[in-house]
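# Chains, contacts and geometry: an overview
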Amino acid sequence: QVQLVESGGGLVQPGGSLRLSCEASISIASFVFMGWYRQAPGKERELVATITTRGSTNYADSVNGRFTISRDNAKNTVYLQMNSLKPEDTAVYYCNGKTYRDYWGQGTQVTVSS
């Protein structure tokens, strides 16, 4: 059973920063790519960022320039560094790993509010 466990969410003021972590129970090299998604109340889950085994990254326009996805293969962990956070970034953030199927974490809440 593959497990992805997110951590690092919390309450932060606008303009602040958080770093989310996603630790996998298997080597993250097993995934074609890994990514972060988020879902705000009443909205569909949306893609935030992805990273491939080659290190190529993609970002949603709404976070490009503010968020950075990275990985540490030795720790089986993918990170999402979030800077200059805005209230509209408030959502549950989910980790995703893709092989022949998708694997999902249970999510971590990020709330941006003053």
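Summary of the structure given here. (Residues numbered from 1 in each chain as written. Predicted model: local features only at pLDDT ≥ 70, side-chain atom pairs only at ≥ 80, totals over all residues. Heavy atoms only, no water.)

Glancing now at the sheet that holds strand 8 (residues 77–82). The strands that make up a sheet are held in pairs by hydrogen bonds between backbone atoms, and each pair lies either parallel or antiparallel. Spatial strand order, 1-3-8-7: four strands in an open sheet with antiparallel pairing. Looking along the sheet, the strands with just one partner apiece sit at the ends: strand 1 (4–7) and strand 7 (67–72). Strand after strand, the sheet turns through a mean of 15 degrees between neighbouring axes, direction not considered. Where strand 1 lies against strand 3 (residues 18–24), four bridges are found, and the strand directions are antiparallel. Opposite Glu 6, over in strand 3, you have Cys 22 as the bridge partner. (Pairing = 2+ DSSP bridges. Helix = DSSP H or I, 4+ residues; strand = E, 2+ residues; numbered from the N terminus. Axes fitted to C-alpha atoms, helices over the stretch in contact; angles between N-to-C directions.)

What follows deals with the pattern of salt bridges. Inspection of every chain in the model, using the stated rule, returns four salt bridges. A salt bridge links Arg 38 to Asp 89; its shortest N-O distance comes to 2.9 Å. A residue pair is termed long-range when its members are at least 10 positions apart, and Arg 38 in strand 4 (residues 33–39) and Asp 89 in the loop between strand 8 and strand 9 (91–98) qualify at 51 residues. For Arg 38, a relative accessible area of 5% translates into the label buried. Owing to a relative accessible area of 0%, Asp 89 belongs among the buried residues under this scheme. Asp 89 serves as the salt-bridge partner of Arg 66, at 2.8 Å between the closest nitrogen and oxygen. Of this pair, Arg 66 sits in the loop between strand 6 (57–59) and strand 7 while Asp 89 sits in the loop between strand 8 and strand 9; the two residues are 23 residues apart in sequence, bridging distant segments of the chain. (Salt bridge = Lys/Arg side-chain N within 4 Å of Asp/Glu carboxyl O. Buried < 20%, exposed > 50% of the residue type's maximum accessible area, 1.4 Å probe, protein only.)

Right, let's get into the environment of Asn 96. In this fold, Asn 96 is placed in strand 9. Residues Asn 96 and Thr 68, spaced 28 residues apart in sequence, show a C-alpha to C-alpha distance of 16 Å. Ignoring anything within four residues of it in the chain, the contact list for Asn 96 reads Leu 4, Phe 33, Met 34, Gly 35, Tyr 37, Asp 102, Tyr 103 and Trp 104. At a separation of 3.3 Å, a polar atom in the side chain of Asn 96 contacts the main-chain carbonyl oxygen of Tyr 103. (Contact = heavy atoms within 4.5 Å. Polar contact = N/O pair within 3.5 Å; in protein donor to acceptor, adjacent residues only side chain to side chain.)

That is the geometry; function is a separate question.
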